[in-house]
Amino acid sequence: MASNTTNNMKVLKFGGTSVGSVKSILSLKHIVEDEARQQPVVVVVSALGGITDKLLTTSQLALKGDEGWKDEFQGMVDRHHKMIDTIITNPHQRESLFNKVDALLEQLRSIYFGVFLIHDLSEKTQDAIVSYGERLSSQIVATLIKGAKWMDSRDFIKTTRKNHKHVLDSELTSKLVCKAFGDLPRVTLVPGFISRDRDTEETTNLGRGGSDYTAAIIAAALDADVLEIWTDVDGFMTADPRVIKTAYTINELSYIEAMELCNFGAKVIYPPTIYPVCVKNIPIKVKNTFNPKSPGTIIKNKIDNDRKPIKGISSINGSALITVTGLSMVGVIGVNRRIFTALADNGISVFMVSQASSENSTSIGVREADCDEAVRVLNEEFAKEIETGAMFPMFAEKGLATIAVVGENMKHTPGIAGKLFGTLGRSGISVIACAQGASETNISFVVDSNYLRKALNVLHDSFFLSEYKVLNLFVCGVGTVGGKLLEQIKMQYEELKQNSKLKLNVVGIASSQRAIFNRDGLDLENYKEALAASPQSDVQKLKDEVLGMNIFNSVFVDCTASRDVAELYQTLLEHNVSVIAANKIAASSDYDSYIKLKRTALERGVKFRFETNVGAGLPIIGTINDLRNSGDTILKIEAVLSGTLNFIFNEISADLPFSAAVRKAKEHGYSEPDPRIDLSGMDVVRKLVILTREAGYKVEQDDVEKHLFVPEEFFNGTLSDFWQMLPSLDDDFEQRRKRLEAEGKRWRFVATMEHGKTSVGLKEVDSSHPFYRLEGSNNIVLLTTERYKEYPMQIQGYGAGASVTAAGVFANIMSIANI
């Protein structure tokens, strides 16, 4: 026997999953015996996992006269016997325990048989039946734990009858608990949930969460140091880990925060049952039976040094919203009382209320399963008002989800609600109704259930509850640029995770004919094999998959030159998917389409980035945007924008004719597979159109004056014809090259914009011109602005090549990540 009653002791409660398997119950044994070495402990246990439900369903079978009750009952017998055979190794203890358990099971069988015979199941009988779950499990655990003393909680947990319900007689129970635990052994084992009527001595129970309640009652009466709730999770999580992979355990919560999270779906504890310890200011610790070394979550009255405005996000799926509306509601006292009284009288629980300040409508949140009945009840309650037109029939919306953002520090942090709704809006998530109490501990809102996962993820990420910021990438095109981009992402993945707390999650990869998707992220080590083994795909399926995934912080990265893929941008932006394009088609298409894309991105709060459309990885478009945003005006642009053409004209020599230089550009990967695309100057035209538009001028491709250097007939016929014809230009180019060499000049294919007028053409530049010494495939841009008139701003560097283009796309991705 141990020392005095109420000091330096703990109450440990173990739920159904903690006693539901051999593994968990043996873990329980080690936990309790370790704790008992430090101080006396009272252990409260639930029924074996699933047994309470089985007791109830079996009673219904017996009530209906269904012989199947016998099989169900035998299943429960077998489960308890098997547990005893497995965990109790001492023959004497096993025999003694079997005698106790079998006596209880025989009582239970007799009750079921009686129900079966007379087809009657009273509340008294039902209460007796469900009590056997805890009575059986507690006997098993008491035998398993060395030195444990079993006590029948019905001897000190007393209820009384009020309003046709069993309610706790708190005063009597507290006195009896103190008396029963006057001399506290090292380990006392108590069945949870069950109780006894103070007057009739009939077995009753404490209802939902009853075992938590039992533990809290004992802890409060004995002034325990702490109440520990042992379950199958590490504690309260910042969000549901099944939905949010980055959710993590919350170390500390206040009582109020824990209550709010539990009310909205975090089924760790049942709030009403822990009231007794909250009143006594006894901390609650939530721990994991399957991972006892985890620190768990401590719940107490006040959290020291707590600066986080938001602690967690909880949700209820399967919600419905009922709107009560009518002109007669304005200024009329008692309408809301009638609403809630009518619902309460019919056993319908309301978990959220949202009312307009005009008082002409009230929206109430109920579970979808209760929706139809709630509508019927309210239509009946307000039948006269509906008949006269003073009120409208109830309007119900189903298929909804309710989300609660919880944290006591929200009241000390201005702008939380604004940030919350702004974040949802930018992700394309509409809020149907919202509610916030004056305490500002909980902001609750209702969304379409199809957007629940996306809403939870984007909020968790936005409010830094996640350890990492996450971008979910769809990469379309796995050729030279797309392949290099995926390689760069793979190389930088760990670096960004560690140093920037950024996870680049590639959730989709598509080639021209195949596509693979995984919302948890694809393995970039073997994506080529996975892609090759995937079924056929096309642009329509690609769009459906991207939109269907409806994933938060999503970015579509187009590394193709496909017009069909570019035509997806508008739809993607409208669905709040950011777009990064190495593909020049969209930004250089007709002006109205270009402007619509940019406006849609702005309106939807997402990004449309295409920096690599001009100059590969060079910061040309970004610089033009920065100049304009800071109030400057672009007056003139002069640029060598084709790395391919610059390479060709730098390579031409007495030893390397024009046709050979073109072939070399293709072999080195500088040109398109069909070099005619580069030689036609159309690529430069597109780039000039993009720059001109970004500089603030309206221009179409047809507006650009073109002065080309390859005759028109070379662009007709097949690619093979082109290669055969190309050497016929070598002599002319060689004669002109010699003249240029003698004059100290070089060729450059120059794109020019001046006050909105555009042209492209082959120009001769001398050694005084900035373009003269442009080497290899480099690009160069001169920007003349109101601020840079006398000495234009110069941007120069690699303007072609898969690696630098991929790096430019990567930089665009990072710019979105850093917003």
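Position numbers for residues count from 1 along each chain, tracking the sequence in the order it is written. Whole-chain, interface and lining totals are the exception, using all residues; otherwise, since this is a predicted model, local features are given only for residues with pLDDT of at least 70 and side-chain atom pairs are given and counted only at 80 or more. Water and hydrogen atoms were dropped before computing side-chain values, which therefore reflect all heavy atoms in the structure.

Asks: Would you take a moment to explain the overall build of the chain for this structure?
Replies: Secondary structure elements are taken from DSSP: a helix is a run of H or I of four residues or more, a strand is a run of E of two residues or more, and numbering for both begins at the N terminus. The number of helices and strands found in the chain is 28 helices and 30 strands. As defined in this context, the radius of gyration uses C-alpha atoms, and a globule is described by 2.2 Å times the residue total to the power 0.38. Computed over its C-alpha atoms, the radius of gyration of the chain comes to 37 Å, more than 25% above the 28 Å expected for a compact globule of 819 residues. Referenced to the eigenvectors of the C-alpha coordinate spread, the extents of the chain come out at roughly 115 × 75 × 55 Å. Per-residue burial over the chain gives 53% buried out of 819 residues. A separation threshold of at least 6 residues defines the contact pool for the chain, and within that pool the share at least 24 residues apart is 72%. Relative accessible area decides the class of each residue, using a 1.4 Å probe on protein chains only: under 20% of the type maximum gives buried, over 50% gives exposed, and in between gives partly exposed. Whether two residues are in contact is decided by their heavy atoms, any of which lying within 4.5 Å being enough.

Asks: Can you help me understand the side chain of Ser537 in this one?
Replies: By the element assignment, Ser537 lies in the loop between α16 (527-532) and α17 (539-549). On the basis of relative accessibility, which here comes to 18%, the residue Ser537 falls in the buried class. Look past the residues within four positions of Ser537 in its chain and what remains in contact with it is Ser512, Gln513, Arg514, Ala515 and Leu542.

Asks: Looking at this structure, I do not really get the sheet that holds strand β8 (residues 203-205). What am I missing?
Replies: Sheets are built from strands paired through backbone hydrogen bonds, the pairs being either parallel or antiparallel. Across the sheet, 4 strands lie side by side as β5-β4-β7-β8; this open sheet has mixed pairing. Both edges of this open sheet fall to β5 (165-168) and β8, since each of them pairs with a single strand only. The sheet shows a mean angle of 55 degrees between the axes of neighbouring strands, direction not considered. By this definition, two strands are paired if DSSP reports at least two bridges between them. Here strand β4 (residues 158-162) runs beside β5; their pairing, made up of 4 bridges, is antiparallel. Its bridge partner being in β5, Arg161 is matched across the sheet by His166. Lines fitted to the C-alpha atoms define the axes, with helices restricted to the stretch that makes contact. Angles between their N-to-C directions range from 0 to 180 degrees.

Asks: What is the right way to read the sheet that holds strand β2 (residues 41-45) from this model?
Replies: Here we have 8 strands laid out as an open sheet, ordered β3-β6-β2-β1-β9-β11-β12-β10, and mixed in their pairing. Two strands bound the open sheet, and with one partner strand each, they are β3 (149-150) and β10 (252-254). Where strand β11 (residues 284-288) meets strand β12 (residues 297-300), 3 bridges bridge the pair, whose relative direction is antiparallel. In the sheet register, Val286 faces β12, and the bridge partner there is Thr297. Along the sheet face, helix α5 (residues 123-144) touches β2, β3 and β6 (187-191) and points at about 160 degrees away from the line of β6.

Asks: Honestly, a nonpolar patch on the surface in this entry has me stumped. Any pointers?
Replies: Nonpolar side chains collect at one region of the surface, where Phe113, Leu117 and Ile118 lie side by side and expose about 300 Å² of accessible area between them. Relative to the helices and strands, Leu117 resides in helix α4 (residues 91-118). A patch consists of residues whose relative accessible area exceeds 30% and which take part in no salt bridge; residues with like charges are grouped when within 9 Å of each other, and nonpolar side chains (Val, Leu, Ile, Met, Phe, Trp, Tyr) when within 5 Å. For accessible areas, the Shrake-Rupley method is used with a probe of radius 1.4 Å. Any residue's cover is judged against the shown protein chains and nothing else. Here, a salt bridge means any Lys or Arg side-chain nitrogen found within 4 Å of an Asp or Glu carboxyl oxygen.

Asks: Honestly, the nonpolar core in this entry has me stumped. Any pointers?
Replies: Here is a general trend for soluble globular proteins: nonpolar side chains tend to be buried in one another's company. Nonpolar cores were defined as sets of buried Ala, Val, Leu, Ile, Met, Phe, Trp, Tyr and Cys residues, with membership established by side-chain atoms within 4.5 Å. Counting residues in each nonpolar core, the largest one holds 104 residues, and the members touching the most others are Phe556, Ile637, Phe658 and Leu679. Tallying contributions element by element places helix α25 (residues 682-694) first for this core, with 6 residues. Residues within four places of Leu679 in sequence aside, it is in contact with Leu645, Ile648, Phe658, Val662, Phe709, Val710, Phe715 and Phe722. The next biggest cluster of nonpolar side chains, apart from the first, holds 45 residues, and it includes Val32, Ala47, Leu108 and Phe116.

Asks: Can you walk me through helix α23 (residues 658-667) in this structure?
Replies: Within an α-helix, residues lying three or four positions from one another point in the same direction, as the helix has 3.6 residues per turn. When α23 is considered as a whole, its buried residues turn out to be Phe658, Ser659, Ala661, Val662 and Ala665. For α23, the arc enclosing every buried residue in end-on projection is 165 degrees, short of the 170-degree limit, so these residues lie on one face. On the buried face of α23, the contacting elements are α22 (643-651), α24 (676-679), α26 (719-725) and α27 (730-743). As used here, the arc is the angular range of directions from the helix axis to the C-beta atoms.

Asks: Can you walk me through the pairing of β11 in this structure?
Replies: If a strand is regular, its side chains alternate between the two faces of the sheet. In terms of burial, β11 is a largely internal element, 4 of the 5 residues being buried. Pairing geometry for strand β9 (residues 226-231) and β11, over 5 bridges, is parallel. Residue pairing for β11: Glu228 is matched across the bridge by Lys285.

Asks: What should I look at first to understand the pattern of salt bridges in this one?
Replies: Applying the stated criterion across every chain, the model contains 40 salt bridges. Of the charged contacts, one joins Asp169 and Arg198 as a salt bridge, the two residues approaching to 2.5 Å between their closest N and O atoms. With Asp169 in the loop between β5 and α6 (170-180) and Arg198 in the loop between β7 (194-197) and β8, this pair connects stretches of sequence that are 29 residues apart. Between Arg737 and Glu741 there is a salt bridge, and its shortest N-O distance comes to 3.5 Å. Taken together, the residues Arg737 and Glu741, both in helix α27 and 4 residues apart, mark about one turn of the helix. According to the relative accessible area criterion, Arg737 is buried, its value standing at 12%.

Asks: How should I be thinking about the packing of helix α2 (residues 51-63) against α4 in this particular structure?
Replies: In helix packing, the relevant descriptors are the interaxial angle and the interaxial distance, both defined with respect to the helix axes. With their axes 7 Å apart at the nearest point, α2 and α4 run at an angle of 35 degrees to one another. Between α2 and α4 lies a crossing of right-handed hand. Residues Lys54, Leu55, Thr58, Ser59, Ala62 and Leu63 of α2 form the contact with α4, whose own contacting residues are Leu108, Tyr112, Val115 and Phe116. Residues are sorted three ways: Asp, Glu, Lys and Arg are charged, Ala, Val, Leu, Ile, Met, Phe, Trp, Tyr, Cys and Pro are nonpolar, and all the rest, Gly among them, are polar. A class-by-class count of the residues in the contact of α2 with α4 yields 7 nonpolar, 2 polar and 1 charged. In a left-handed crossing the near helix is turned counterclockwise from the far helix by less than a right angle, and in a right-handed crossing that turn is clockwise.

Asks: Even after reading the chapter, I still don't get the packing of helix α15 (residues 480-500) against helix α28 (residues 802-817), so can you show me in this structure?
Replies: As a packed pair, α15 and α28 sit with axes 8 Å apart at the nearest point and diverge in direction by 55 degrees. Judged by the angle between their axes, α15 and α28 are oblique. For the pair α15 and α28, the crossing hand works out as right-handed. Contacts between α15 and α28 pair Thr480, Val481, Lys484, Leu485, Gln488, Ile489, Gln492 and Leu496 from the former with Ala802, Ser803, Thr805, Ala806, Ala807, Val809, Phe810, Ile813 and Met814 from the latter. A per-class count over the contact of α15 with α28 returns 11 nonpolar, 5 polar and 1 charged. Working rule for angles: under 35 degrees goes down as roughly parallel, over 145 as roughly antiparallel, 65 to 115 as roughly perpendicular, anything else as oblique.

Asks: Could you clarify how one ought to interpret unusual backbone geometry in this entry?
Replies: Working note: non-glycine residues mostly have negative phi, and peptide bonds are mostly trans. Backbone geometry places Glu201, a non-glycine residue, at a positive phi of 65 degrees. Its location among the elements puts Glu201 in the loop between β7 and β8. Positive phi is not limited to glycine here, since Asn550 has a value of about 50 degrees. The class for Asn550 is buried, based on a relative accessible area of 17%.

Asks: Would you take a moment to explain the packing of aromatic side chains for this structure?
Replies: Describing an aromatic ring pair means giving the distance of the ring centres and the angle of the ring planes. Working definition: a ring pair exists when centres of Phe, Tyr or Trp rings (six-membered ring for Trp) sit within 6.5 Å. Plane angles under 30 degrees give stacked, over 60 give edge-to-face, the rest tilted. Applying the stated criterion across every chain, the model contains 20 aromatic pairs. Relative to Phe610, the ring of Phe608 lies with its centre 4.9 Å away and its plane at 50 degrees, an arrangement referred to as tilted. Phe608 sits in the buried class, given a relative accessible area of 9%. Classification of Phe610 as buried rests on a relative accessible area of 5%. We note Arg663 situated over the ring of Trp723; from NZ or CZ to the ring centre the distance is 4.1 Å. Only Lys NZ and Arg CZ are tested; either one counts as a charge over a ring when it is within 6 Å of the ring centre and within 35 degrees of the ring normal.

Asks: I keep staring at helix α14 (residues 452-462) and nothing clicks. Help me out?
Replies: For α14, the tally of buried residues reaches 10 of 11 residues, placing the bulk of the element in the interior. At its buried positions, α14 is contacted by β13 (312-325), β16 (395-406), α13 (416-426), β18 (442-448) and β19 (469-476).

Asks: How should I be thinking about the environment of Phe445 in this particular structure?
Replies: Tracing the backbone through its elements, the reader meets Phe445 in strand β18. Along the primary structure Phe445 and Thr402 are separated by 43 residues, whereas in three dimensions their C-alpha atoms are 5.7 Å apart. Those residues in contact with Phe445 that lie beyond four places of it in its chain are Met352, Ala401, Thr402, Ile403, Val405, Leu420, Phe421, Leu424, Val431, Ala433, Cys434 and Leu459.

Asks: For this particular structure, what's the right way to read the side chain of Asn457?
Replies: Within the secondary structure, Asn457 is located in helix α14. Residue Asn457 is classed as buried on the basis of its relative accessible area of 10%. Excluding anything up to four places from it in sequence, Asn457 contacts Val243, Ile244 and Phe552.

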